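Listed below, chain by chain, are the residues.
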Amino acid sequence: MRIIVDTDPGVDDAFALFYLAAEPDVEIVAVGSVHGNAPTPVTTANSLRLLELLGLEHVPVARGALRPLAQPLMTAEAVHGDDGLGGFAGPEPRTEPVDESAAEQLVRLARQNPGKLTLLALGPLTNVALALQLEPELPKLLAKVVVMGGALTVPGNITSYAEANFWHDPEAADLVLDAGFGDLTIIGLDVTMESHADTAWLTRLAEIDGPIAKYARDIVGFYANFYESFLGKPGFVPHDSLAVAIMIDPDLATYREERLAIELTGRHTRGQLVADLRYLAPGSPFDRDIAKDRTPAKYAVTVDTATFLERH
Ligand code: BDR
Ligand code: CA
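Just so you know, these numbers come straight off a predicted model, no measurement behind them.

Definitions and limits used
- Each chain has its residues counted from 1, following the order in which its sequence is written.
- Chains carry letters from A onward and ligands carry numbers from 1 onward, assigned in written order.
- The model is predicted, so local features are restricted to residues of pLDDT at least 70 and side-chain atom pairs to those at 80 or more, both for listing and for counting; the totals for chains, interfaces and linings are taken over all residues.
- Each residue receives a C-beta atom placed from its backbone. It is near a molecule or strand if this atom lies within 6 Å of it.
- Starting at the N terminus, helices and strands are each numbered in turn, a helix being any DSSP run of H or I of at least four residues and a strand any DSSP run of E of at least two.
- Residues are grouped as follows: nonpolar covers Ala, Val, Leu, Ile, Met, Phe, Trp, Tyr, Cys and Pro; charged covers Asp, Glu, Lys and Arg; every other residue, Gly included, is treated as polar.
- To sort residues by burial, count the other C-beta atoms lying within 10 Å of each one's C-beta; a count of 20 or more means buried, 12 or fewer means exposed, and anything in between means partly exposed. C-beta atoms are built from the backbone.
- By definition, residue pairs are in contact when their C-beta atoms, positioned from the backbone, come within 7 Å.
- At least two DSSP bridges between two strands are required for those strands to pair.
- UniProt positions are given in the numbering used here, feature names are shortened, and annotations may be inferred rather than shown by experiment.

*Asks:* Explanation requested: the site of ligand 1 in the structure shown.
*Replies:* As a structural note, the neighbourhood of ligand 1 is formed by 15 residues, with G10, D12, A164, H239 and D240 the closest of them. Elements with a contribution of two residues or more to the shell around ligand 1: α1 (11-21), α7 (164-168) and α12 (239-248). Its residues assigned to classes, the shell around ligand 1 shows 5 nonpolar, 6 polar and 4 charged.

Written as C-alpha cells, this is what we have:
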C-alpha cells in the first residue's frame with residue numbers, strides 16, 4: 001500500500017508513524033504537515049525529526065497550511081506539550097521540507113499516480129480541503145482516504161460535542177465530507193476512546209530496546225499525564241495509531257455507512273460530526289434531512305481493541 005500521510009505531530013501522530021514504518025507492506029510516499037496539535041512550523045520540524053529517527057529521511061515532507069480556512073489558529077499544547085512531542089522532540093532536524101506546499105504535493109502525487117495512492121489524514125483537514133480547491137477531481141485520483149476525526153455517537157474531546165481534528169478546521173472537514181470520495185473511512189472517538197493503552201501496554205513499551213522505543217517512552221509521558229487527568233486512569237489514547245491499524249486491516253472494525261456533515265454554526269456544537277441517525281423504515285415518508293445528497297462514508301463504530309493493542 002502506497003500512502004501519503006497528512007499529520008500534525010503530535011504524540012499519537014508520532015506513534016502512528018512508528019507503526020507505519022514497521023509495516024513491510026506500507027510505503028510512505030510523502031508527508032504533509034498541518035496545524036493542530038501545535039503550529040505548522042512545529043509539526044513540520046517534528047515530521048522531519050520523526051522520519052530521520054525512523055531512517056526515512058528520503059520521504060519528502062511538505063509544509064502545510066498555517067491556519068484553518070475560516071477561524072483563528074488554535075493549538076493543543078496542553079495535550080501534546082509546547083514542542084508537540086511532550087517536551088522531548090529533541091534537536092533541530094537535519095533535513096528540510098520541500099518547496100511545494102502540502103496541498104500542492106498531494107495534488108501532484110495524486111495526478112501522477114491516479115488510482116494508486118491512499119491518503120491517511122491524522123490532523124485537521126485544511127490541506128486536503130485546499131487540495132480539493134486546486135484539483136476538484138481529487139476524489140477520482142485517490143484510491144482510498146482514511147481520516148482520524150469526529151465523534152458521532154459519543155461525546156467530543158476538545159468540546160462536549162466536537163472531536164479535536166474536526167474542531168480545529170470545521171469548514172475544511174465539511175468540504176472533505178462533501179467532496180464525493182468514493183472510498184472514505186473515518187476513524188473517530190467512537191472507536192479510539194475504546195482503545196485505551198493502559199499500564200500493561202506501557203510496561204510492554206518499557207521492555208523494548210532501541211532508539212525508537214526510547215524516544216517513544218520519552219515523548220509519551222506528557223500525553224499520558226494529560227490523559228490520566230482527563231480520564232482518571234493511567235495510560236493514553238492512541239487515536240492516530242488506531243487509524244493506521246484499521247487502514248491496514250479494515251476487518252479490525254465494523255462500520256455504519258452514513259452521509260456526514262459538520263455542524264458549522266452551533267454555539268455549543270461547532271465542529272461536531274453529524275448524520276441523520278434516526279431509524280427510518282425503508283420507504284419511510286420521512287426523508288433523511290442531513291447531508292442527503294452526499295456520498296456515504298464508512299464510519300467505524302466498533303473495534304477489536306485487544307488485537308489492535310497487541311499489534312500496536
Ligand atoms: C486527534 O486530535 C489530536 O489530539 C490527535 O493527534 C488526534 O489526531 C484526536 O482527537
Ligand atoms: Ca493527529
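*Asks:* Quick question: what am I supposed to make of α1 here?
*Replies:* Given 3.6 residues per helical turn, the α-helix brings residues three or four places apart onto the same face. Along α1, 9 of the 11 residues are buried, which leaves the element largely enclosed by surrounding structure. Those residues of α1 lying buried are V11, D12, D13, A14, F15, A16, L17, Y19 and L20. Taken together, the buried residues of α1 touch β1 (2-7), β2 (27-33), α2 (40-53), α3 (77-80), α11 (211-231) and α12.

*Asks:* Is there a simple way to think about the pairing of strand β10 (residues 297-303) in this case?
*Replies:* Taken residue by residue, a regular strand's side chains alternate between the two faces of the sheet. Here 2 bridges tie strand β6 (residues 184-187) to β10, and the two strands are oriented parallel to one another. Across the sheet, T185 pairs through a bridge with K298, a residue of β10. Relative to β10, strand β7 (residues 253-258) runs antiparallel, the two sharing 6 bridges. Opposite R256, over in β10, you have Y299 as the bridge partner.

*Asks:* How should I be thinking about the UniProt feature "domain: Inosine/uridine-preferring nucleoside hydrolase" (unreviewed entry) in the chain in this particular structure?
*Replies:* In this structure's numbering, the residues bearing the UniProt feature "domain: Inosine/uridine-preferring nucleoside hydrolase" (unreviewed entry) are residues 3-309. Spanning residues 3-309, this segment combines 37% helix with 15% strand, and its end C-alpha atoms are found 22 Å apart.

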